[in-house]
Amino acid sequence: NMKTLDYQWPSSFVKNTMHDNNFSNESIGDVIGRIEDFFSHYYDCHACLMPSGRSSISILLRYLNFDRSKTIFISKWSSHCLYSCIGPYSNISTDFVDPDLILVNHKWGYKSYLHQNFTEKVIIEDSVDTIHLDRSSLFQNNGIAEIISLPKIIGSFSGGLVLTRDENVSNYIRNAQQENVELGRTQSKKKYNSVFNIKNEYGWEYCEHMNTSLDIIALKDIENSMKNLYKNINIISHRREIVLKKFKNIVIDSKRIGPVIVFPMSSYKILSKESSFMVRKFNYSVKTNSDYYESSYLLPVHFAISNEYFQSLLDAIVKR
């Protein structure tokens, strides 16, 4: 039943991957090197591999020596994972009152901007589910780093990237990559099992903020999924054209793409099978520190969605 499925990202869809340990001849460092080379070349900056988007944010907070004397701003309606990776290190606020660090959330590929007054602050660009089509769309707010979640853009079961132009940041992360290998192995197994609903495996979230390592199974899964980057770009780009044929005024960004297209409920309605649609709050102001949220229908456009399912959802959306 698609209704119960969280279809925002390709990672919600179970796929077969090999979970055996037959990679004994592979050096973990070599695989990390190949993955980082691929993404560093794609983004034209340092791409540092971490176990997840969450652990990517956590390691940046350790790098910055953040503690409870500091406050981090995140936007309202942020997902629980941000609380779990920031909470152990600092205070969290959704009210924009002189924060020490601003996490700018570029949700579903849509850009968000900070007012010029705030560009002196420490900024992390949270682009977890964005695919940047153009390097000029990176670091829109001149952040210290930009965060990408690999499950959300290539459908791997784990992995995150810290993109940065700061060599000190990339050196700090690379030195930590094989620091807690045992934890990394446990976390990898738990994530894998939770994706495939084995043994009702939950709980990897609790330790993920401390995790800096990926085991060989997770690494090979990421390496095998890298080809999905271009596949996903092609499918989303094609589906955007189909959507734009039907709705000329829908807002999309030519330099970046996301896994869904948002349709504000004030302007659009669903003809049939309304229950098939996910509804979420979205900030239409594009300004990070303003609260113009509206309930919106999500139309999934990423590669794990079949053409038939995409088309049936698109057919159901009409202008009010």
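Residues numbered from 1 in each chain as written. Predicted model: local features only at pLDDT ≥ 70, side-chain atom pairs only at ≥ 80, totals over all residues. Heavy atoms only, no water.

Even after reading the chapter, I still don't get unusual backbone geometry, so can you show me in this structure?
When glycine is set aside, most residues are seen to have a negative phi, and most peptide bonds are trans. One non-glycine residue with positive phi stands out, namely tryptophan 108, at about 55 degrees. Note that tryptophan 108 resides in the loop between strand 4 (101-105) and strand 5 (122-126). Despite not being glycine, asparagine 142 has its phi angle at roughly 60 degrees, a positive value. Locating asparagine 142 in the fold gives a position in the loop between strand 6 (131-132) and strand 7 (145-149). (Helix = DSSP H or I, 4+ residues; strand = E, 2+ residues; numbered from the N terminus.)

Just checking my understanding: could you explain the side chain of lysine 152 for this structure?
With respect to the helices, strands and loops of the structure, lysine 152 is situated in helix 4 (residues 150-154). Aspartate 129 provides the closest opposite charge to the buried, unpaired lysine 152, separated from it by 6.8 Å. (Buried < 20%, exposed > 50% of the residue type's maximum accessible area, 1.4 Å probe, protein only. Lys, Arg positive; Asp, Glu negative; His and termini not counted. Salt bridge = Lys/Arg side-chain N within 4 Å of Asp/Glu carboxyl O.)

Is there a simple way to explain the side chain of histidine 106 in this structure?
Mapped onto the elements of the fold, histidine 106 is located in the loop between strand 4 and strand 5. One polar contact links the side chain of histidine 106 to the main-chain amide nitrogen of serine 112, over a distance of 2.9 Å. Engagement of the side chain of histidine 106 in a polar contact is seen with the side chain of glutamate 125, the distance being 2.6 Å. Not counting the four nearest positions on each side in its chain, histidine 106 is found in contact with Lys111, Ser112, Glu125, Asp126, Ser127, Asp129, Thr130, Gln140, Asn141, Glu146 and Arg256. (Polar contact = N/O pair within 3.5 Å; in protein donor to acceptor, adjacent residues only side chain to side chain. Contact = heavy atoms within 4.5 Å.)

It is not clear to me how the pattern of salt bridges should be interpreted in this structure. Could you clarify?
When their charged atoms lie close together, side chains carrying opposite charge are able to pair. Evaluated as defined, the whole model comprises seven salt bridges. Across the pair arginine 34 and glutamate 223 runs a salt bridge, and its minimum N-O distance is 2.5 Å. A residue pair is termed long-range when its members are at least 10 positions apart, and arginine 34 in helix 1 (residues 28-43) and glutamate 223 in helix 7 (residues 216-225) qualify at 189 residues. Relative accessible area serves as the criterion here: at 35%, arginine 34 is assigned to the partly exposed category. Of the charged contacts, one joins lysine 111 and aspartate 253 as a salt bridge, the two residues approaching to 2.7 Å between their closest N and O atoms. Highlighted residues: lysine 111 in the loop between strand 4 and strand 5 and aspartate 253 in the loop between helix 8 (228-246) and strand 9 (256-257), separated in sequence by 142 residues. Within this structure, Arg34, Lys220 and Glu223 form a network of salt bridges that share partners.

Whenever I open this one, the packing of helix 1 against helix 8 confuses me. Can you help?
Each pair of packed helices can be described by the angle between their axes along with the distance between the axes. Contact pair helix 1 / helix 8: the axes reach a minimum separation of 12 Å and the direction vectors enclose 40 degrees. By the angle between their axes, helix 1 is oblique relative to helix 8. Contacts between helix 1 and helix 8 involve Phe38, Phe39 and Tyr42 from the first element and Leu229, Tyr230 and Ile233 from the second. (Axes fitted to C-alpha atoms, helices over the stretch in contact; angles between N-to-C directions. Parallel < 35°, antiparallel > 145°, perpendicular 65-115°, else oblique.)

Would you explain helix 7 in this entry?
Summarising burial for helix 7: nine of the 10 residues are buried, a large majority. Residues Ile216, Ile217, Ala218, Leu219, Lys220, Asp221, Ile222, Glu223 and Ser225 constitute the buried set of helix 7. Lining the buried residues of helix 7 we find helix 1, strand 1 (46-50), helix 4, helix 6 (181-195) and helix 8.

Help me understand the sheet that holds strand 1 in this model?
The strands that make up a sheet pair up through hydrogen bonds in the backbone, lying either parallel or antiparallel. What the seven strands build is an open sheet, ordered 1-8-7-5-4-2-3; its pairing is mixed. Each end of this open sheet is capped by a strand with a single partner; those strands are strand 1 and strand 3 (91-93). Neighbour to neighbour, the strand axes of the sheet diverge by 25 degrees on average, direction disregarded. Relative to strand 3, strand 2 (residues 71-73) runs parallel, the two being bridged by three bridges. Note that in strand 3 the partner of isoleucine 72 across the bridge is isoleucine 92. Against the sheet, helix 5 (residues 167-176) contacts strand 1 and strand 8 (160-164), and its axis sits at roughly 25 degrees relative to strand 1. (Pairing = 2+ DSSP bridges.)

Is there a simple way to explain the pairing of strand 10 (residues 260-264) in this structure?
A regular strand carries its side chains on alternate faces of the sheet. Within strand 10, five of the five residues are buried, which leaves it mostly tucked inside the rest of the structure. In strand 10, alternate side chains face the same way, and those of Val260, Val262 and Pro264 on one face and Ile261 and Phe263 on the other are all buried. Relative to strand 13 (residues 293-300), strand 10 runs antiparallel, the two being bridged by five bridges. Across the sheet, residue valine 260 finds its bridge partner in strand 13, namely proline 300.

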